[in-house]
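Close look at the chain arrangement
Here's the letter readout for the chains.
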Amino acid sequence: MTSWSTVRVKHNTYSVPSRLIGQTLKVHVYDERLELRCGDSLQLTVARLSGRNGHCINYRHIIWSLVQKPGAFAQYRYREELFPTLVFRKAYDALVDRHTGRKADLEYLRVLHLAASTMESEVETVLERLLTTNELRDAEQVKLAVRPTRTEVPQLDAEPVDLSVYDSLLSEVAS
């Protein structure tokens, strides 16, 4: 297990959750899947890649470390895997057009972090709306649009319970 949350199995690279960095993993290789275990506990099941030098990178596994080191995004070997859909790719391109240098990378990584920590589909919907109106500015704007609305908890008036009904039942049983 590398410090970049990847593991190499049968000449292919797979990403694993960052919480497993530094752990010793046992990999069970099956025809169509890999099972990664830490001790006796199953940690991850991924589809097995065929061939050699392939990679299966899940952005949710590595986004936490990339947000802390945004400069690494530009040279990241599996960078194309960090665009889960075409909308995210278009959002990155729009941020590059709007910001100079590493600022665009940082903003995109924050958007990707938001997708990993909330619902990717909701973030994608907001990005799509902002891209069609050409209003995508930064990750904070996306975060505000994705933020769930607070629902009001209704106030219930609890009516007092008349326990004398139960007392009358007990007195009938005793007689």
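Between two packed helices, the angle of one axis relative to the other and the distance separating the axes together describe the packing. Following both chains from N to C, one finds helix H4 (residues 120-132) and helix H5 (residues 139-146) inclined at 120°, their axes separated by 10 Å at the closest point. In this view, H4 runs oblique relative to H5, as classed from their interaxial angle. Taken as a pair, H4 and H5 cross one another with a handedness that is right-handed. Contacts between H4 and H5 pair Glu 122, Val 123, Val 126, Leu 127, Arg 129 and Leu 130 from the former with Gln 141, Val 142, Ala 145 and Val 146 from the latter.

We now examine the sheet that holds strand E4 (residues 33-38). Spatially, three strands are ordered E3-E4-E5 in an open sheet, and the strand pairing comes out antiparallel. Each edge of the open sheet is held by one strand with a lone partner, namely strand E3 (26-29) and strand E5 (41-47). Across this sheet, the average inter-strand angle for adjacent strands is 20°, counted without regard to direction. Here E3 runs beside E4; their pairing, made up of four bridges, is antiparallel. The residue of E4 that forms the bridge with Val 29 is Leu 34.

Evaluated as defined, the whole model comprises seven aromatic pairs. Ring centres of Phe 73 and Tyr 108 lie 5.9 Å apart, and the angle between their planes is 40°; this geometry places the pair in the tilted category. One end of the pair, Phe 73, is in the loop between helix H1 (59-68) and helix H2 (86-98); the other, Tyr 108, is in helix H3 (residues 102-117), and 35 residues separate them in sequence. Each member of the pair, Phe 73 as well as Tyr 108, carries the same accessibility label: buried. Ring geometry for Phe 83 and Tyr 108: centres 5.2 Å apart, planes at 40°, overall tilted. Remark: Tyr 108 occurs in helix H3 and Phe 83 occurs in the loop between H1 and H2; sequence separation between them is 25 residues.

What follows covers the nonpolar core. Counting 31 residues, the largest nonpolar core has Leu 82, Phe 88, Tyr 108, Val 123, Leu 127 and Val 142 as the members making the most contacts within it. Ranked by residues supplied to this core, first place goes to H3 with eight residues. Look past the residues within four positions of Tyr 108 in its chain and what remains in contact with it is Phe 73, Leu 82, Phe 83, Pro 84, Phe 88, Tyr 92 and Leu 95. With ten residues, the next largest nonpolar core counts Val 16, Leu 34, Leu 36 and Leu 44 among its residues.

Definitions and cut-offs
Residues numbered from 1 in each chain as written. Predicted model: local features only at pLDDT ≥ 70, side-chain atom pairs only at ≥ 80, totals over all residues. Heavy atoms only, no water. Axes fitted to C-alpha atoms, helices over the stretch in contact; angles between N-to-C directions. Helix = DSSP H or I, 4+ residues; strand = E, 2+ residues; numbered from the N terminus. Parallel < 35°, antiparallel > 145°, perpendicular 65-115°, else oblique. Left-handed = near helix turned anticlockwise from the far one by under 90°. Contact = heavy atoms within 4.5 Å. Pairing = 2+ DSSP bridges. Phe/Tyr/Trp six-rings, centres within 6.5 Å; stacked < 30°, edge-to-face > 60°. Buried < 20%, exposed > 50% of the residue type's maximum accessible area, 1.4 Å probe, protein only. Core = buried A, V, L, I, M, F, W, Y, C linked by side-chain atoms within 4.5 Å.

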